[in-house]
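# Structure at a glance
Below are the chains, spelled out letter by letter.
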Amino acid sequence: MSGPAPGARRAATDPRPAAPETRLDAVRRLAARFAAAGIDGPRLDAELLVAEVVDPGRPDRTRLFLDGHEPLTPSQAATLAALERRRADERAPVAHLLGTRGFRHVDLVVDGRVLVPRPETELLVEVGLELPSGAAVLDVGTGSGAIALALADERPDLRIHATDVSPDALAVARENARRLDLPVTFHAGDLLAGLDAAAIGTPLAVLSNPPYVPDGDRPSLMPEVRDHDPALALFGGPDGLDVVRRLVPAATDAGAALLAIEIGAGQAPATAALLEAAGWRDVAVRDDLAGIGRVVLGRRP
Ligand code: SAM
Ligand code: GLN
């Protein structure tokens, strides 16, 4: 066997040959195991984990194809066995195993204290990129800091603030801002409570990816989401829109000129109606790459 004993539970199913396993053989074996476990994108995950043990902290999948026939060292094999178990058995997201997730042009440190940023949330950043020079932005429910920090990175002219009700999430967001050396001002609290919107500046754009999963959807969520993203980041009451229903009046009262909210499949009509009822104009829906109405936005004079 290569590496230390992988443990009795794995031994029965582990087809590793007696010779040390090569990097590419490890990718194939992990991909097959992940596929059998029902994991989405099993090959990509396998490549990322093998690349991570070969070059910790700087996983480079392309190098696997150049050096794929190199054998794993015993210590790499042991590290990989632990990552493989956490991915296949615990269904830990790859972002947790690597400790980072790329979001637009920034790498964010992520762990169980924050939602793993999703590609569709980049739509909210795109809304922010359209803002006039010098505008103020408030990212409500910033989590890892994804939206605020990606915008700060691409639009240094904007004045960017971010809030979260979770002190744990804010700790992660602040750590990301420090590591990336990006100027975002963080506030703790419920939605916009306690914020002096005038001090943040005008015109003010409120961007938010709030929790919007209906409580009853919990059993059907992928284990990576249900068991590893914080519940506070996910669930929004019986129809998922409890936080949205409070956010719309809060942004209205703060005098925001633009409000853009991420929502889930099927929630765009109800969310657009909430904005219209609160006096927002030019209410529109933007679709994600899967064609799902993902962001509802409105403007006020
Ligand atoms: N903005 C991050 C992103 O897009 O990756 C995280 C979004 S996550 C879906 C929602 C975030 O909102 C969580 O960090 C959660 O702690 C925060 N949150 C939930 N309820 C909140 C509230 N009432 N006020 C402020 N933040 C809240
Ligand atoms: N997009 C996430 C999911 O369905 C939910 C995030 C949210 O509630 N804002 O996994």
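This is a predicted model, so every value here is computed, not measured.

## Considerations on the overall build of the protein chain
Check the secondary structure of the protein chain and you find 14 helices and nine strands. When its C-alpha atoms are laid out on the principal axes, the protein chain stretches across 70 × 40 × 30 Å. Taken across its 301 residues, the protein chain has 50% of its residues classed as buried. The contacts of the protein chain with a sequence gap of at least 6 include a subset with a gap of at least 24, amounting to 62%. Element-wise, carbon and sulfur atoms account for 55% of the exposed surface of the protein chain, whose accessible area totals about 13,500 Å². In the protein chain, 33 positive and 43 negative side-chain charges are present, and the distance between their average locations comes to 3 Å.

## Overview of the pattern of salt bridges
All told, the structure shown has 28 salt bridges when counted by the stated rule. The salt bridge involving glutamate 47 is made with arginine 43; its shortest N-O contact spans 2.8 Å. Here glutamate 47 and its partner arginine 43 are both found in helix α3 (residues 42-54), four residues apart, which amounts to about one turn of the helix. A salt bridge links arginine 61 to glutamate 47; the nearest nitrogen and oxygen atoms lie 2.9 Å apart. With arginine 61 in helix α4 (residues 61-66) and glutamate 47 in helix α3, this pair connects stretches of sequence that are 14 residues apart. Take arginine 61: its relative accessible area is 35%, and that puts it in the partly exposed class. Given a relative accessible area of 6%, glutamate 47 falls into the buried group. When salt bridges that share partners are traced, they join Glu21, Arg29, Arg33, Glu84 and Asp89 into one network.

## Here's the deal with the site of ligand 2
Around ligand 2, the structure places Arg118, Glu120, Asn209, Pro210, Pro211, Tyr212, Val213, Val225, Ala233 and Leu234. Between ligand 2 and arginine 118 there is a distance of 2.9 Å, counted from an oxygen atom to a side-chain nitrogen or oxygen. Here a nitrogen atom of ligand 2 sits 2.7 Å away from a polar atom, N or O, in the side chain of asparagine 209. With the chains in place, 86% of the 300 Å² that ligand 2 exposes on its own is no longer accessible. Here the residues of the shell around ligand 2 are counted per class, giving seven nonpolar, one polar and two charged.

## Observations regarding the site of ligand 1
Taken together, 19 residues form the shell around ligand 1, and within it Gly141, Asp164, Asp190, Leu191 and Asn209 come nearest. Measuring from a nitrogen atom of ligand 1, one finds a side-chain N or O atom of aspartate 190 at 2.7 Å. Contacts to ligand 1 include leucine 191, whose backbone N or O atom sits 2.8 Å from a nitrogen atom. Out of a free accessible area of 590 Å², ligand 1 has 96% covered by protein chains. Taken together, the residues of the shell around ligand 1 sort by class into nine nonpolar, seven polar and three charged.

## Focus on the pairing of strand β6 (residues 204-208)
Each regular strand displays side chains that alternate between the two surfaces of the sheet. For β6, the buried fraction is high: five of the five residues fall into the buried class. Side-chain alternation along β6 places Leu204, Val206 and Ser208 on one buried face and Ala205 and Leu207 on a second face that is also buried. Looking at chain direction, strand β3 (residues 136-140) and β6 are connected through five bridges and run parallel. Each bridged residue has a counterpart across the sheet, and for aspartate 139 the counterpart in β6 is leucine 207. Pairing of β6 with strand β7 (residues 258-262), which is carried by four bridges, proceeds in the parallel orientation. In the sheet register, alanine 205 faces β7, and the bridge partner there is leucine 258.

## Considering the sheet that holds β7
The sheet built from seven strands is open, its strands ordered β5-β4-β3-β6-β7-β9-β8 with mixed pairing. Each of the sheet's edge strands pairs with one partner strand only, and the pair in question is β5 (185-188) and β8 (281-287). Across the sheet, the mean angle from the axis of one strand to that of its neighbour is 15°, orientation sign disregarded. The strands touched by helix α14 (residues 268-277) are β7, β8 and β9 (293-299); relative to β9, the strand with the most contacts, the crossing angle is about 10°.

## Quick notes on the UniProt feature "binding site: substrate" (unreviewed entry) in the protein chain
In the numbering used here, UniProt assigns the feature "binding site: substrate" (unreviewed entry) to Asn209, Pro210, Pro211 and Tyr212. Checked against the element boundaries, proline 210 lands in the loop between β6 and α11 (223-226). In this view, proline 210 contacts Val243, Val244, Ile261 and Glu262; residues no more than four positions away in its chain are not counted. Position of proline 211 among the secondary structure elements: in the loop between β6 and α11. Take proline 211: its relative accessible area is 15%, and that puts it in the buried class. Contacts of proline 211, omitting those with residues within four sequence positions, involve Leu232, Ala233, Leu234, Phe235, Gly236, Gly240 and Val243.

So, how was this worked out
- Residues numbered from 1 in each chain as written.
- Chains lettered and ligands numbered in written order.
- Predicted model: local features only at pLDDT ≥ 70, side-chain atom pairs only at ≥ 80, totals over all residues.
- Heavy atoms only, no water.
- Helix = DSSP H or I, 4+ residues; strand = E, 2+ residues; numbered from the N terminus.
- Buried < 20%, exposed > 50% of the residue type's maximum accessible area, 1.4 Å probe, protein only.
- Contact = heavy atoms within 4.5 Å.
- Areas by Shrake-Rupley, 256 points an atom, 1.4 Å probe, with all protein chains shown as cover.
- Lys, Arg positive; Asp, Glu negative; His and termini not counted.
- Charge placed at Lys NZ, Arg CZ, Asp CG, Glu CD.
- Salt bridge = Lys/Arg side-chain N within 4 Å of Asp/Glu carboxyl O.
- Near = heavy atom within 4 Å.
- Polar contact = N/O pair within 3.5 Å; in protein donor to acceptor, adjacent residues only side chain to side chain.
- Nonpolar A, V, L, I, M, F, W, Y, C, P; charged D, E, K, R; others polar.
- Pairing = 2+ DSSP bridges.
- Axes fitted to C-alpha atoms, helices over the stretch in contact; angles between N-to-C directions.
- UniProt positions renumbered as here; feature names shortened; annotations may be inferred.

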